[in-house]
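Residues per chain, in single letters:
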Amino acid sequence: MSYSYFSYNDLFQSIGNDFNEYSQKNNLNVTLKMEFFSEKNSTRYRNGHSSTIDTLLSRKSTKYDMYIFDPIYLKKLSSHFLDLKQQLPEEYIDSYSLKDVWKICVYEDRWVGLPLFIKFMVLYSNTNYLKKYNEDIPTTWDKLLEVGENIVKQERNDNNNNNMNFYGYNGLFPTSIESITSSMCSIYQFIYSNRENVTSPFPKLESHWTVDALNKIKEIKNKISSDEVFKLNEDQTVALMREGKNILFTVFWDSVLPSDFDIYKKSILPGRMDGISGSCLGAYNIGISNYINEEHKRGSIEVFKFIFSKEFQKEIIIKNFHQYSGIIDLYKDEEICSILKCDILNNLQLIERPISIKNYETFEIKFINYFYDFLYGSKSAKEALQSIEDITKIYYMNLKDEFSNIIFITINVLFIVIVFSLVVKFIPKFSQYYQWLTISSTINYIITSFVTIYSMLAKFGEPTEFKCHAFLLMILTGYALVYTPTIFFLINYYQNSNRYFKWIKTHENLYICQYYVIEGIFFILAKISPSFKIEEVLVENSKSFYQCHIDFSNIFGIVILSIEILFHLFLYLNIIRFLCIEMNNETNYSFAKGMFYILVLDSIGIVIVLIIRVIDIKDYYIECLYPFIIIGVFVLKHLYLLFIRIWLEKPNSNQEDENIIKEIRRMSRSSASYRSNSIAKSNIA
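Residues numbered from 1 in each chain as written. Predicted model: local features only at pLDDT ≥ 70, side-chain atom pairs only at ≥ 80, totals over all residues. Heavy atoms only, no water.

Peer 1: In this structure, what is going on with the sheet that holds strand S16 (residues 544–550)? I would like to understand it.
Peer 2: Sheets are built from strands paired through backbone hydrogen bonds, the pairs being either parallel or antiparallel. Judged by pairing direction, the sheet is mixed, and its three strands sit side by side in the order S14-S16-S15 without closing on themselves. The strands lining the two open edges of the sheet, one partner per strand, are strand S14 (394–395) and strand S15 (532–537). Relative to S16, S14 is paired through two bridges, and the arrangement is parallel. Opposite Tyr395, over in S16, you have Phe545 as the bridge partner. (Pairing = 2+ DSSP bridges. Helix = DSSP H or I, 4+ residues; strand = E, 2+ residues; numbered from the N terminus.)

Peer 1: Explain the pairing of strand S7 (residues 121–126) here, please?
Peer 2: The two faces of the sheet receive side chains in turn, since in a regular strand these alternate between them. With six of its six residues buried, S7 lies for the most part within the structure. Of the two faces of S7, the one lined by Met121, Leu123 and Ser125 and the one lined by Val122, Tyr124 and Asn126 are each fully buried. The pairing of S7 with strand S9 (residues 247–253) spans five bridges and is classified as antiparallel. Each residue of the ladder has a partner; that of Leu123, found in S9, is Val251. Relative to strand S10 (residues 264–267), S7 is paired through four bridges, and the arrangement is antiparallel. Looking at the pairing, Asn126 lines up with Tyr264 of S10. (Buried < 20%, exposed > 50% of the residue type's maximum accessible area, 1.4 Å probe, protein only.)

Peer 1: I'm lost on the confidence of the model for the protein in this one. Help?
Peer 2: Reading fine detail from the predicted coordinates is not recommended where pLDDT is low. For the protein, the mean per-residue pLDDT works out to 85, and 88% of the residues sit at or above 70. Taken element by element, the predicted model of the protein shows its lowest mean pLDDT in strand S1 (residues 2–4) (42) and its highest in helix H8 (residues 208–224) (96). The low-confidence segment residues 1–5 (pLDDT under 50) makes 34 contacts with residues lying over four places distant or belonging to another chain. Overall, residues 663–685 carries pLDDT values under 50, and its contacts beyond four positions in sequence, including any with other chains, amount to 13 contacts. (pLDDT = per-residue confidence, 0-100. Contact = heavy atoms within 4.5 Å.)

Peer 1: When you look at unusual backbone geometry in this model, what are you seeing that I'm missing?
Peer 2: As a rule of thumb, non-glycine residues mostly have phi less than zero, and peptide bonds are mostly trans rather than cis. Positive phi outside glycine occurs at Asn29, with the angle close to 60°. Examined against the element boundaries, Asn29 turns out to sit in the loop between helix H1 (9–25) and strand S2 (36–38). Even without being glycine, Leu172 reaches a positive phi, approximately 60°. Mapped onto the fold, Leu172 is located in the loop between strand S8 (167–170) and helix H7 (180–192). By relative accessible area, which is 0% here, Leu172 ends up buried.

Peer 1: When you look at the pattern of salt bridges in this model, what are you seeing that I'm missing?
Peer 2: A side chain of one charge can pair with a side chain of the opposite charge if their charged atoms are brought near each other. Inspection of every chain in the model, using the stated rule, returns 24 salt bridges. Note that Asp333 is salt-bridged to Lys314, the shortest N-O span being 2.9 Å. Linking Asp333 in the loop between helix H12 (310–320) and helix H13 (334–337) with Lys314 in helix H12, this pair joins segments that are 19 residues apart in sequence. Salt-bridge contacts for Glu389 lead to Lys393; the nearest nitrogen and oxygen are separated by 3.9 Å. A relative accessible area of 32% means that Lys393 is categorised as partly exposed. (Salt bridge = Lys/Arg side-chain N within 4 Å of Asp/Glu carboxyl O.)

Now the structure itself:
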């Protein structure tokens, strides 16, 4: 089953006839039947053919043994075709491994198809006008523009000529959907021809090389051509060239024009500078279905051995039909070079379309539309390229972009401010308000601040399942550790002490350390079996991004995640329980009330985050910034504990302050006395 924009009926009929004759002579008992449709007998063009193939292969149809397909479907169809490297003799694979031809045959190290012939674009120069004005074929875009301006000006303004319909260049940028292959190739090869040097890869879309390339296209169009000429489709372009008097330079496919176009001389496309060029590589690939039986597979392999042999490619593809074979070694043959322009093929700098991109067909349409918003519209090159970049790229924060750098600097500043603000504890005038900040609790508070604020780092870099889990754990750990000294403080006042509470009262540091151990175990388990998976969030007309989602298929991970959440929920509820008790204690009423304010702040922050996740707002910037809700709440808690609370309590009498201090000291002596009694009892025992 095959398809082509241009009609190759005679070629395919010849393939069928020649193989069947070969099969009969060699007693292969294999008959090749071709079913072929093109633009002339298809109303849906390339996409219709793709859809038909995809439908058949998805159903594992055995109706056809082999399929001819555009290389842009290499990724999409790869799982449906045999790996030819495992089926054909090595010399066949080697023959198609030169000059980037293999790139349109291979996906994930599997040879999905081989090109019956290849095609590429070249520059057609009208030699009548070049001779008339004594100009050479240009090798750079600047030279093409210079020559074009000179000849167009003279042809249009000279009284003897007065040819106002004369144009200097047709870049083949048609806007019709049936010409999408030509459009994409024209854009891609022009950008490639403007790369930094001959060995450079395809320029990054955001690079100045690509911006310069787009601006150069528009400059050429505006100065020596027009929107109308650039928009001509293939048939219209051929008609314009056939007239022979209205166009100077044209970009078009090689080996598809009639032989009477001899006034045009073919050459490789110009580039940014001498020695640099670029030409989009196309082909008609053939693949063998995975779903046919062994007998048909063997027959298909025999067909492949025949039509992809050097003999067939030379005698039929090149000599009879004047098409370029994908076997590059053939262009060392003088006989072949008398038929085709070997110098063009040997000097081509080929670039394949980005067919490995996910959903290439959708990407291709959007790419072209954004480009045309620039070429035929009012968008700037940078705006158009940013829109294209947003299609192709899945964004995540990294230190290479300004937005991420601002976030990184912000979290560093917040942490430094929090740490240095703790110095207020050592100011004599205010030290009485910070008796709760012992050395161990201060160290714990600094660690808590670090874990909470720097949880944002889990959002930097390409996401992983562990990073997703680690982000949640760092938030939960921050909550747990910041409340640990509070729990210790409240347990010391709790009257109904059990054995564990009595142990806590005499082992503050060990009590705090046990939380570090538990949180450490949670991180180890998260590393072993993360409870999250990464999903791409594709956003129309904006930045697409990665998002973390709970992986419900990972049973062990779900169990671990449930334990982690329940453990931290248990701590949270216990704090509320103890605070409710202390609200009845006049001495600690102010402290308990303040802690309730903090818990309310935490709850509000958590609710807002949950609402954002439930609503699932598809916005890259919200995805990056929502963790700042948690960090913001933490900073507000810090401001309240260290400053606002003190300001609110300041109006109270000095006597009340002294009572609080005395009570804190009494609690400390009581704790020390308890430890001494415990040791004494232990010694007596």
